[in-house]
Amino acid sequence: MTEWVLWLYIFALAAFVGYQVISGVPPLLHTPLMSATNAISGISLVGSLVTAGADYNLTSSLLGLVAVTCATINVVGGFLITDRMLKLFKKRGDHRS
Amino acid sequence: MTTSFIELAYFIASLLFILGLRDLRSPETGRRGVRLAELAMLIAIAATLLHNHLIRYDWIIAGVLTGSTIGITMAIFIPMAKMPERIALSHSFGGLAAALVGVSEYSRHAGALAPGKMAAIGFEVMLGALTFTGSLMAFGKLQGMITERPLTHRFQNALNVILIAGTGAAIVYLISNPADQTLFYAMLGMSFFLGILVVLPIGGADMPVVISLLNSFAGLAAAATGFALSNSVLIVCGALDGASGFFLSIVMSKAMNRSFSNILFGAFGQESESANEVSRAAHRSLLSATIGDALVVLGNAHSVIVVPGFGMAAAHAQHAVRELADLLEQRGVTVKYAIHPVAGRMPGHMNVLLAEANIAYDHLYDIEAINDEFAGTDVALVVGANDVVNPAAKTDPQSPIYGMPVLNAEQARSVIVLKRSMNPGFAKIENELFTRPNAMMLFGDAKETLTQLVRALKEQR
């Protein structure tokens, strides 16, 4: 089996599992969900890291620098803000002193 | 040895990401889910730093420092009401990162790419580039820098189809002729242009669907990056993000009873033909109520359902809503909140704002859970919502929103509508709810009106 077929399997199965898992998220949490998956897709940082740090040539390094910056904004900012949002959701009785 | 270690780390990270997302099923476990996903991210990044191609760290450190500073600043200072803008911006960052990595891969191998890899890079660059410009357009519209009205021109759909076909054909040609650099960069340019053209004609009320679709594209771009770099964790996370965006897009378009193609190519929200003269005449006879009138109605109520909409977000009125609800609850009134899936500018927008105002989430109800309760409720308090409470969606087959699930606010004994002005709502559709005999209109800034109501209620005691 060629390698890319294997990648296709991984992609299809992950998309399927993802859809199943995510369809269980209630509308209440749809904004945090989007914010969280956004942070997770900042995983493109791992691709950008190699581009920025492999010293292929100056163009690659510069493109990599911008890509690393963008991906880091999503990872760091995305997780922080998702947590900040989730902290707001309180049950009855939780918030009255 | 290192390679299999990195692969193992990626595998563990992938599992943790999925487990983390599963924890978002409930607000009680949500924060644990974020912790798991953060741990996964840390593992994946740490493993990547061991990659044997990595030889210099100065660019990396510069990028990570700049990105962290911007990311942290945004996360701390951005108000919850600006969440749609922030999400749109971060989709554009995600798209740009994917596109740039693709361009770098292409330029580095300059023409010597195997067909599979060229296809992956082609999709990565196309999806990344159009997500980048499309999300920037969405951001501009949300910010009010670009008009929220759909901008259309006569050849718009034809032009879009030509661009889509052109980009697709370019990728197909590049697969067998990867050395054609001019075509590659032309394809990149067309993709940037496509993102602008597709989002520009979409109206503000359709933003929840657009943001969800862009979320999906950003995910697919990340997955394509994974194919191009043969990186498993990128493929898995891209697939998760893509699936999440796709799921939310479906939820949103169902809540509007419209298809994707109708939203993307329909330029909804232009002057509606069906806004007939009768309802226009009815509007002229519409009288606005006073705070005193509303006070009498609220004073006699035992149950109130609040229906928030984009107007509440625009006026930052969520805290005032909560003050009013607290006062009413002290008088023994039950207060519930009815949340329509497309109220606001992104999925879940209203829930986050109400949670920010310290309203307990078990007071917030989805449309299915609460729609039968309006009939037995004394007051429906509509705060800056319009199309989602338009009864025409149920009764008037001529209405552009006919068939869309709406909240049955008109069935409450009295309906108090807080509205900025008599201009029809975003979709330019007349709302006959406002002219019903049981409805009273309070015109003005929602926050100010609510504050006046709160003050008057306090004085009454």
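For the structure, see preceding data.
Here goes a summary of the coordinates provided. (Residues numbered from 1 in each chain as written. Chains lettered and ligands numbered in written order. Predicted model: local features only at pLDDT ≥ 70, side-chain atom pairs only at ≥ 80, totals over all residues. Heavy atoms only, no water.)

1. Describing the overall build of chain A
- The helix and strand inventory of chain A stands at four helices and zero strands.
- Each helix and strand of chain A, placed in order from N terminus to C terminus, yields the pattern α-α-α-α.
- Taking 97 residues into account, the globule formula puts the C-alpha radius of gyration at 13 Å, and chain A, at 18 Å, lies well above it.
- Oriented by its inertia axes, the alpha-carbon framework of chain A measures out at about 60 × 35 × 15 Å.
- A total of 97 residues make up chain A; the buried ones form 59% of that total.
- Counting contacts in chain A only where the partners sit at least 6 residues apart, residues at least 24 apart contribute 60% of the total.
- Accessible surface, chain A: about 3600 Å² in total, of which carbon and sulfur atoms supply 67%.
- The averaged location of the 4 negative side-chain charges in chain A is 26 Å from the averaged location of its 6 positive side-chain charges. (Helix = DSSP H or I, 4+ residues; strand = E, 2+ residues; numbered from the N terminus. Rg over C-alpha atoms; globule rule 2.2 N^0.38 Å. Buried < 20%, exposed > 50% of the residue type's maximum accessible area, 1.4 Å probe, protein only. Contact = heavy atoms within 4.5 Å. Areas by Shrake-Rupley, 256 points an atom, 1.4 Å probe, with all protein chains shown as cover. Lys, Arg positive; Asp, Glu negative; His and termini not counted. Charge placed at Lys NZ, Arg CZ, Asp CG, Glu CD.)

2. A word on the overall build of chain B
- Scanning chain B for helices and strands turns up 18 helices and six strands.
- Rg of the C-alpha trace for chain B: 25 Å, near the compact-globule value of 23 Å for 461 residues, within the 12% margin.
- Seen through its principal axes, chain B has C-alpha atoms that stretch 75 × 50 × 35 Å.
- Per-residue burial over chain B gives 58% buried out of 461 residues.
- Taking the contacts inside chain B whose residues are at least 6 apart along the sequence as the reference set, 79% of them involve residues at least 24 apart.
- For chain B, the accessible area works out to roughly 18100 Å², and carbon and sulfur atoms hold 62% of it.
- In chain B, 31 positive and 34 negative side-chain charges are present, and the distance between their average locations comes to 2 Å.

3. Quick notes on the nonpolar core
- Ranked by internal contacts, the top residues of the largest apolar core, which has 156 residues, are Ile 43 of chain A together with Phe 17, Phe 184, Val 304, Tyr 337, Val 383 and Ile 416 of chain B.
- The dominant element in this core, judged by the number of residues it contributes, is helix α5 (residues 115-143) of chain B, at 13 residues.
- Counting residues in hydrophobic clusters, the runner-up holds 32 residues, among them Ala 255, Met 256, Ala 393 and Val 415 of chain B. (Core = buried A, V, L, I, M, F, W, Y, C linked by side-chain atoms within 4.5 Å.)

4. Considering the environment of Gly 403 of chain B
All names here are of chain B.
- Looking at the element boundaries, Gly 403 is found in the loop between α17 (392-395) and β5 (414-419).
- C-alpha of Gly 403 to C-alpha of Val 209: the two residues are 194 residues apart in sequence and 17 Å apart in space.
- Among residues more than four places away in sequence, those in contact with Gly 403 are Asn 257 and Ala 393.

5. Here's the deal with the packing of helix α1 (residues 3-22) of chain A against helix α8 (residues 207-229) of chain B
- Running from N to C, α1 of chain A and α8 of chain B point in directions that differ by 150 degrees, and their axes come no closer than 10 Å. Classified by the interaxial angle, the pair formed by α1 of chain A and α8 of chain B is roughly antiparallel. Once α1 of chain A is placed against α8 of chain B, the crossing between them reads as right-handed. The segment α1 of chain A lies against α8 of chain B, with Trp 4, Trp 7, Leu 8 and Phe 11 of chain A engaging Leu 220, Ala 223 and Phe 227 of chain B.
- Residues that form the contact of α1 of chain A with α8 of chain B fall into these classes: seven nonpolar, no polar and no charged. (Axes fitted to C-alpha atoms, helices over the stretch in contact; angles between N-to-C directions. Parallel < 35°, antiparallel > 145°, perpendicular 65-115°, else oblique. Left-handed = near helix turned anticlockwise from the far one by under 90°. Nonpolar A, V, L, I, M, F, W, Y, C, P; charged D, E, K, R; others polar.)

6. Observations concerning the sheet that holds strand β3 (residues 364-366) of chain B
Residues and elements named next belong to chain B.
- The six strands lie next to each other as β3-β2-β1-β4-β5-β6, forming an open sheet whose pairing is parallel. Both outer strands of the open sheet, β3 and β6 (439-443), are each paired with one neighbouring strand and no more. Ignoring strand direction, the axes of neighbouring strands in this sheet form an average angle of 25 degrees. (Pairing = 2+ DSSP bridges.)

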